[in-house]
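# A look at the structure
Residues per chain, in single letters:
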Amino acid sequence: MAPGERPAEDTDEAGLWLALDQAELSLQRSPLLVRDPALNAYVRKLVCDIAGDYCKDIRVYVIRRPYFNASMAPNGVMQVWTGALLRSENEAQIGFVLGHEIGHFTHQHSIKQWRRAKDIMNALSLLQLVAARSGTQDASDIFDVTQLVAYASLYKYGRDAERESDTEGFDRAVRLGYRADQGALLWQGLLAEDNARDRTKPSGIFATHPATEERMTTLREAAEAFRDAGTRTGEAEFRAATAPFFAAWLEDEMGRRHYPQTIVLLDRLQQRASGAHLAWIEYYRGELFRKRRAGGDDKRAIDAYRAAMRVPGYPPIAHRDLGFMYRTIQMPEQAAAEWREYLRQVPDAADRATVEHYLAQATGADHANR
Ligand SMILES: [Zn+2]
C-alpha cells in the first residue's frame, strides 16, 4: 500500500472505512483518551520517526487501559495503551512495538484478514461494538472485558502476519540506531508475566499480542545478527516523558487484581529503577501485599512501605497506607505514628479529616472527647 491510499468508494472495503471513521470519532470523545499534550507530542514524534513516509497517514491515540496493547487500524488510527507504555523501559522497546504495528499497517494485514474470512459483516459489527463502548465509557471502564475481547478478535493475526510485522518492527527500530536486543528483552518480560497468569481470571495482560517462546527466540536470533547495529536505547528520554504518569499507570495496573503478574512486572521494572520510580514500585508492592493479604503478606507489605521510605523524595502516602496496614493487624500505636508522620508531611492533605478520625480512634482520643 502506498502512503495515503484509501479504497475506492464502490468497493466492499469502503463500508469498513466508514465504520472505522465512526470508531475514530468515538475514540476522540472517549474519557479514556489521554489528552496530556506533552505525552502525546512525545509518542507522536516517536511514531513518526519509526513510520518514516507513513507518518502523515497515522493518527496516534494514547488510551488509558492497563493492558499491553498497541494496534493499527487500516484507516491510519493507531492506539497505544498505557499498559504498553508502563511495560516498556525505553524507546528501543516501545519503538519495536510501534514498528510492529506499522508493519501490520503497511502490509494491510487487517483488511486482508477481514476479507479472507469473507466476514466483513462480522468485522463491521465488532467495529461498531468497540465504537459504541468507547463513546459511553467512563473512567471505571478501563478494565472493560467485552471491549477487550471484541478488540482482540478484530486484530488477531496469524503467525505469518505476526512474523512479518515483527521483522518490520525490528528493522525499523534498528534502522534508527536503537539497540537490536531490546525487542526480545521486552518479550521476555511479557512472557514471564504471562507465565504467572492466573488462568481462572477472564483476561491476561494481552489484548492482541500474546508473547510466545517462538516469537522471543526469533527476535533474539535476529538481534544476534545485528548485535553491533545500534547502541541507543533512548532510556533517559523515555523516562522523562513518562515519569509524570508512572504512579498513575501502576495504580491502574493494581486495579487489574492479577497480583502474581503484577509482582513479576514490579520485579522487572525494579531492576533498572532509581529515584521516584523505585519509591513508587516499593510503595505499590506494599499496596499489593496489604490488599492481597495471603500468608506472610502483612509483613511483606510493611517491609515494602519501609523500603519506599528509604528512597529520598518518596510519596508521603506511604505513611498513611502503612498506618492502615498496622490498623488491620491491630497495632494502633504504630498506626498512629505513621498517620501523624503523614499529616506532618502533608498538612493540607485532602483526606486530613479521615486520617484524623482514624488517629483519634487509634489513640483513644475519641473516647476522651465524649
Ligand atoms: Zn501483531
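None of these values were measured; they are calculated from a predicted model. The numbering scheme is per chain: residues are counted from 1 as the chain's sequence reads. Confidence filtering applies because this is a predicted model: local features only for residues at pLDDT of at least 70, side-chain atom pairs given and counted only at 80 or more, and all residues used for totals across whole chains, interfaces and linings.

Strands are runs of DSSP state E lasting at least two residues, helices are runs of H or I lasting at least four, and both sets are numbered from the N terminus onward. The helix and strand inventory of the protein chain stands at 19 helices and 3 strands. Taken against the 2.2 N^0.38 rule, which gives 21 Å for 370 residues, the C-alpha radius of gyration of the protein chain at 23 Å falls within 12% of a compact globule. Across its three principal axes, the protein chain shows a C-alpha extent of roughly 80 × 50 × 40 Å. Counted over contacts in the protein chain with a minimum sequence separation of 6, partners at least 24 positions apart contribute 69%. We compute the radius of gyration from the C-alpha atoms alone; for a globule the expected value is 2.2 Å times N to the 0.38, where N is the number of residues. Remark: residues whose backbone-derived C-beta atoms lie within 7 Å of one another are considered to be in contact.

One recurring pattern in soluble globular proteins: nonpolar side chains tend to sit buried together. In these notes, a nonpolar core means any group of buried Ala, Val, Leu, Ile, Met, Phe, Trp, Tyr and Cys residues linked to one another through C-beta atoms within 7 Å. Here a residue counts as buried when 20 or more other C-beta atoms sit within 10 Å of its C-beta, as exposed when there are 12 or fewer, and as partly exposed otherwise, the C-beta atoms being derived from the backbone. Residues Val47, Val60, Val80, Ala84, Leu98 and Leu127 are the most contacted members of the largest nonpolar core, which totals 58 residues. Take this core: its biggest share by element is 7 residues, from helix H4 (residues 91–106). Not counting chain neighbours up to four residues away, the residues in contact with Val47 comprise Ile58, Val60, Met78 and Leu98.

For two strands to be treated as a pair, DSSP must find at least two bridges joining them. Strands sit in the order E1-E3-E2 across an open sheet of 3 strands; the sheet is mixed. Here the strands that pair on one side only, and so sit at the sheet edges, are strand E1 (59–63) and strand E2 (70–72). Each neighbouring strand pair of the sheet contributes to a mean axis angle of 15°, computed without reference to strand direction. Sheet topology note: the E2/strand E3 (residues 77–81) ladder contains 3 bridges and is antiparallel. Residue pairing in the sheet places Met72 in a bridge with Met78 of E3. Only the contacting stretch of a helix is used when fitting its axis, a line to C-alpha atoms as for every element, and angles between N-to-C directions run 0 to 180 degrees. Against the sheet, helix H2 (residues 37–51) makes contact with E1 and E3, and its axis sits at roughly 130° relative to E1, the strand it touches most.

What follows is about the pairing of E3. Put simply, side chains in a regular strand alternate between the two faces of the sheet. With 4 of its 5 residues buried, E3 lies for the most part within the structure. By the bridge criterion, 5 bridges tie E1 to E3 in an arrangement that is parallel. Directly across from Arg59, in E3, lies its bridge partner Val77. Where E2 folds back on E3, the antiparallel hairpin that results is connected by 4 residues, among which Gly76 adopts a positive phi of roughly 100°.

Time to look at helix H1 (residues 12–29). Counting along an α-helix, one turn takes 3.6 residues, and residues three or four places apart therefore face a common direction. Expected helix span is computed as 1.5 Å times (number of residues minus one). Spanning 18 residues, H1 covers 27 Å between terminal C-alpha atoms, matching the ideal 26 Å at 1.5 Å per step. Every buried residue of H1 is accounted for by Leu16, Ala19, Leu20, Ala23 and Leu27. Here the buried residues of H1 occupy an arc of 105° about the axis, which is enough to place them on one side. Projecting away from the buried face of H1 at angles above 90 degrees are the exposed residues Ala14, Leu25 and Arg29. Throughout, the arc means the angular range of directions from the helix axis out to the C-beta atoms.

Looking at where Ala229 falls in the secondary structure, it is placed in the loop between helix H10 (213–225) and helix H11 (235–242). Sequence separation between Ala229 and Gly177 is 52 residues; the distance between their C-alpha atoms is 6.8 Å. With near-sequence residues (within four places) excluded, Ala229 lies in contact with Val174 and Ala180.

Topologically, Ala23 is positioned in helix H1. C-alpha of Ala23 to C-alpha of Val130: the two residues are 107 residues apart in sequence and 7.1 Å apart in space. When residues no more than four places from it in sequence are discounted, the contact partners of Ala23 are Leu127, Val130 and Ala131.

On to the domain arrangement of the protein chain. The domain boundaries assigned to the protein chain delineate domain 1 (12–235) and domain 2 (273–369). Between domain 1 and domain 2, the C-alpha centre-to-centre distance is 38 Å. What fixes the domain bounds is an automatic or database domain assignment.

Our focus in this paragraph is helix H13 (residues 259–271). The terminal C-alpha atoms of H13, which comprises 13 residues, lie 19 Å apart, in line with the 18 Å expected from a rise of 1.5 Å per residue. Of the residues making up H13, those classed as buried are Gln261, Thr262, Val264, Leu265, Leu266 and Leu269.

To continue, consider unusual backbone geometry. For Gln108, which is not glycine, the phi dihedral falls at a positive 55°. Along the polypeptide, Gln108 turns up in the loop between H4 and helix H5 (109–116). Residue class for Gln108 comes out partly exposed when judged on the 15 C-beta atoms lying within 10 Å of it.

With that out of the way, let us pick up the environment of Leu343. Tracing the sequence through the fold places Leu343 in helix H17 (residues 332–345). With near-sequence residues (within four places) excluded, Leu343 lies in contact with Ala349, Arg352 and Val355.

The subject of this paragraph is the packing of H13 against helix H14 (residues 275–292). At a minimum axis separation of 10 Å, H13 and H14 run at an interaxial angle of 160°. When the axis of H13 is compared with that of H14, the two are roughly antiparallel. Here H13 and H14 pass one another in a crossing that is left-handed. Of the residues in H14, those touching H13 at Tyr259, Thr262, Ile263, Leu266, Leu269 and Gln270 are Leu278, Ile281, Tyr284, Arg285, Leu288 and Arg292. For this classification, under 35 degrees means roughly parallel, over 145 means roughly antiparallel, 65 to 115 means roughly perpendicular, and everything else is oblique. By the definition used in this description, the sense in which the near helix is turned from the far one sets the handedness, with an anticlockwise turn below a right angle giving left-handed and a clockwise turn giving right-handed.

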